[in-house]
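Fold and contact review
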Amino acid sequence: MEQRHVDVLIIGAGLSGISAACHLAEHNPGRTYTILERRARVGGTWDLFRYPGVRSDSDMYTFGYRFRAWHGTKILADGGDIRGYVQETADEHGVSRHIRFGRKAVRASWSSEAGQWTVEALDESTGESETYTCAFLVNATGYYDYDAGHRPDFPGEERFTGTVVHPQHWPEDLDFRGKRVVVIGSGATAITLVPAMAGDAAHVTMLQRSPTYVLSLPHHDPVARLMRKAGVPAGLVYRFGRSRNIALQRALYAVCRSAPTVMRKVLLAGVRAQVGGSVDMRHFTPSYKPWDQRLCVVPGGDLFKALRSGEASVATGHIETFTETGVRLTSGEEIEADIIVTATGLRVQIAGGARIEVDERPVNTRDHVIYKGVLLDGVPNLAIVLGYTNASWTLKADMASEYISRLLTYMDERDFTEVTPVATDADRAAESAMGDSLTSGYIARGDTVMPRQGTRAPWRIWNNYYRDRRALRRSPIEDPALRFGRRAAAARPADQPDPASVA
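The written sequence of each chain sets the order in which its residues are numbered from 1. Local features in this predicted model are restricted to residues whose pLDDT is 70 or higher, and side-chain atom pairs enter the listing and the counts only when it is 80 or higher, whereas totals over whole chains, interfaces and linings include all residues. Values reported for side chains reflect all heavy atoms of the structure, with hydrogen atoms and water molecules removed beforehand.

The next point concerns the nonpolar core. Residue types Ala, Val, Leu, Ile, Met, Phe, Trp, Tyr and Cys, when buried and joined through side-chain atoms within 4.5 Å, form a set referred to as a nonpolar core. Only protein chains enter the accessibility calculation, which uses a 1.4 Å probe; a residue whose area is less than 20% of its type maximum is buried, one above 50% is exposed, and one in between is partly exposed. Ranked by internal contacts, the top residues of the largest apolar core, which has 134 residues, are Ile10, Ile18, Phe136 and Phe284. With 11 residues, helix H10 (residues 393-413) is the single largest residue contributor to this core. When sequence neighbours within four positions are dropped, the list of residues in contact with Phe284 reads Pro211, Thr212, Val214, Leu268, Val271, Val275, Val279, Leu303, Phe304, Leu307 and Val314. Numbering of helices and strands runs from the N terminus, with a helix taken as a DSSP run of H or I at least four residues long and a strand as a DSSP run of E at least two residues long. Any pair of residues with heavy atoms lying within 4.5 Å of one another is described as a contacting pair.

Here it is in structure tokens:
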């Protein structure tokens, strides 16, 4: 079996993995690296999800990379445009040739004796196994299970004579023109699907157990448009928009947490102004406080337009059973459907489901505290790139990638070959690294696998861009919580090619 060795192995070629690779290419040019990507193209989530209307739920000034400006004026970008942006970034920074597609990492094992990681990967096109070794491992797979979304078992589902689909695996040939569609869910996916399908479907019903806070934004950034018309350079427009939106995201979250009653009134007033008197506001009045769950963003009020037109409607209640022709709620109401879309959420996993070991002992990620939201305590030379849950994912993921690059530079300059974060008992907290302030279903489900956060810095997760910017981008690498070591480098066999040249 051919064995491939690199200095840094990155798992995942989505937003996070490409960010990590670009930082390595720019700031650690002496380091060899390879990216293992299970899919056939870059993009990760933005290659996986292909349901109608798929788009970001964060503005693109902050969802894009700090080091590569997004110059469009569209506030929320389409999924295809985002994937294209990630691909272009990989091409421009020369990292595309380092990607090995169709490789699923199934096991990552650290050997203290060898001072390296051994990663077993499956070539899913041939069924053959491959082995990679590396000095430093970066998990950039996010935390979604790509094989299956969260899918509750609904009573009587086998009786339904129509089509049931999950947005995570949208059939390319699904024809919903003239069909009655029920979308089960009230999160970002459901709120995106309803207006995207409403124009062609006979009728679309969003069936929710409970309402979600919804915030309407313009399709295009009006300030950016004015600045561009005035001849302001594109780079300045981008920097202004990014700084402004980071501040607005942080302010909105902070006000929602500190003054929930006021913000509840503000958010509901915004919805009331959009739906008018034709929609029962009980469908948009959650029982929880603003930002107990992530806000759903509606560009141009498209959801509300579909509701006002009568092409779509909202039903709130619990499903008693599927029937032959639709669903029946516990209230007795029956909703007929030809197609039922289960926009019921995502399943959470770490490292793309790969098994992680240290000296042949399994690592249960839930038992470990995460250092600065990037490194696992007690596990050498491993980084996990995670984004924000209360702001744009990429804001945090990009800073994490920059931190990894800074850490490797620090180690190179001092001839260190290993780094291990070490937490004390006083550092450990019960809360997940995803935080305890949000009550979304996927966060609750992810508690079984997500690392813990700590009681204090540098182990506590602040979910605050300005604090994290100091911690990850500006603070010294040297830290009493980090243990550095040196080991004689193992020489690569003379007949073994550099995988960067063949990837």
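In this section: the environment of Gly79. Looking at the secondary structure, you find Gly79 in helix H4 (residues 79-92). Residue Gly79 is classed as buried on the basis of its relative accessible area of 2%. Taking C-alpha positions, Gly79 is 5.3 Å from Val54, a pair spaced 25 residues apart along the chain. Ignoring any residue separated from it by four or fewer positions in sequence, one finds Gly79 in contact with Trp46, Val54 and Arg55.

What follows concerns the side chain of Thr344. One can find Thr344 in the loop between strand S16 (339-342) and strand S17 (355-358). From its side chain, Thr344 meets the backbone oxygen of His150 in a polar contact 2.7 Å long. Excluding residues that lie within four positions of it along the chain, Thr344 makes contacts with His150, Arg151, Pro152, Phe154, His166, Ile184 and Arg445. For the purposes of these results, a polar contact is taken to be a pair of N or O atoms within 3.5 Å, where, inside protein, one atom must be able to donate a hydrogen and its partner to accept one; residues adjacent in sequence count only when each atom of the pair is a side-chain atom.

This paragraph deals with the side chain of Thr133. Within the element layout of this structure, Thr133 appears in strand S6 (residues 128-139). Overall, the relative accessible area of 2% leaves Thr133 in the buried class. A polar atom in the side chain of Thr133 sits 2.7 Å from the side chain of His5.

Turning to the layout of surface pockets, a few remarks are in order. Using a grid of 1 Å spacing that covers the protein atoms alone, one calls a set of points a cavity when a 1.4 Å probe fits there but cannot get out, and a pocket when the set is open and has protein on both sides within 12 Å along at least five of seven lines; lining residues are those with an atom within 4 Å of a point. Grid points are joined across faces, edges and corners, and a volume is the space filled by probe spheres set on the points. Estimated volume of the second largest pocket: approximately 610 Å³. For the second largest pocket, the lining is made up of 31 residues, of which Asp59, Leu217, Asn245, Leu248 and Gln249 are closest to its centre. Those elements that provide at least two residues to the lining of the second largest pocket are helix H3 (60-63), strand S10 (214-217), helix H6 (222-229) and helix H7 (234-258). Ranked by residue count, the leading element in the lining of the second largest pocket is H7, at 7 residues. Classifying every residue of the lining of the second largest pocket by side-chain character gives 18 nonpolar, 7 polar and 6 charged. Note that Gly is not counted as nonpolar here; it falls among the polar residues with everything else outside the nonpolar set of Ala, Val, Leu, Ile, Met, Phe, Trp, Tyr, Cys and Pro and the charged set of Asp, Glu, Lys and Arg.

Let us look at a positive patch on the surface. Here a patch means residues that are over 30% exposed by relative accessible area and free of salt bridges, tied together within 9 Å if like-charged and within 5 Å if nonpolar (Val, Leu, Ile, Met, Phe, Trp, Tyr). The protein chains shown are the only cover counted for residues, whose accessible areas, like all others here, come from Shrake-Rupley with a 1.4 Å probe. Counted as salt bridges are all cases of a side-chain nitrogen of Lys or Arg within 4 Å of a carboxyl oxygen of Asp or Glu. Only four residue types enter the tally: Lys and Arg on the positive side, Asp and Glu on the negative side, with His and both chain ends excluded. Just so you know, the charge point we use is NZ for Lys, CZ for Arg, CG for Asp and CD for Glu. Taken together, the side chains of Arg460, Arg467, Arg470 and Arg474 present a region of like positive charge at the surface. Relative to the helices and strands, Arg470 resides in helix H12 (residues 465-474). We classify Arg470 as partly exposed; its relative accessible area is 47%.

On to the pattern of salt bridges, then. A full pass over the atoms with the stated rule returns 35 salt bridges. The salt bridge partner of Glu130 is Arg103, with a shortest N-O separation of 2.8 Å. Of the two residues, Glu130 sits in strand S6 while Arg103 sits in strand S4 (residues 103-111), which places them 27 residues apart along the sequence. Residue Glu130 is classed as buried on the basis of its relative accessible area, which comes to 9%. A salt bridge links Arg107 to Glu357; the shortest N-O distance between them is 2.8 Å. Of this pair, Arg107 sits in strand S4 while Glu357 sits in strand S17, and the two are 250 residues apart along the sequence. Assessed through its relative accessible area of 7%, Glu357 is described here as buried. Through salt bridges with shared partners, a single ionic network connects Arg4, Arg100, Arg103, Asp123 and Glu130.

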